[in-house]
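# Understanding the architecture of this molecule
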Amino acid sequence: SVTKDAFTGELMLEGGALVIADQGICCIDEFDKMEETDRTAIHEVMEQQTVSIAKAGITTSLNARTSVLAAANPAYGRYNPRR
């Protein structure tokens, strides 16, 4: 995200969880409850291993070379061993 520095007033770029976890592991819980657009964005990051940002006049690409461990709930709220 892009934020404004409190002291200088300059715009700063802050990386999210995937950027912070560069060359590590990012664990995501409740993956099934995420918006479809967010899931699609995560898939793109996993494929390209970068996050491209174009906000507030800042255009850059940040490394996101991370492994993603995602957890989701079973369909209908409980595990069915017959499926």
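Our structure is the block above this text.
Residues numbered from 1 in each chain as written. Predicted model: local features only at pLDDT ≥ 70, side-chain atom pairs only at ≥ 80, totals over all residues. Heavy atoms only, no water.

## Let's talk about the state of the cysteines
Taken as a whole and assessed by the stated rule, the structure comprises 0 disulfides. Cys27 supplies the cysteine sulfur nearest to Cys26, a cysteine that is in no disulfide, at a spacing of 6.8 Å. The exposure class assigned to Cys27 is exposed, which follows from its relative accessible area of 58%. (Disulfide = S-S within 2.5 Å. Buried < 20%, exposed > 50% of the residue type's maximum accessible area, 1.4 Å probe, protein only.)

## Quick notes on the side chain of Thr66
Mapping Thr66 onto the fold places it in the loop between β5 (58-63) and β6 (67-70). Residue class for Thr66 comes out buried when judged on its relative accessible area of 16%. With near-sequence residues (within four places) excluded, Thr66 lies in contact with Leu18, Ala21, Gln23, Gly24, Ile25 and Cys26. (Helix = DSSP H or I, 4+ residues; strand = E, 2+ residues; numbered from the N terminus. Contact = heavy atoms within 4.5 Å.)

Geometric values such as these leave the question of function open.
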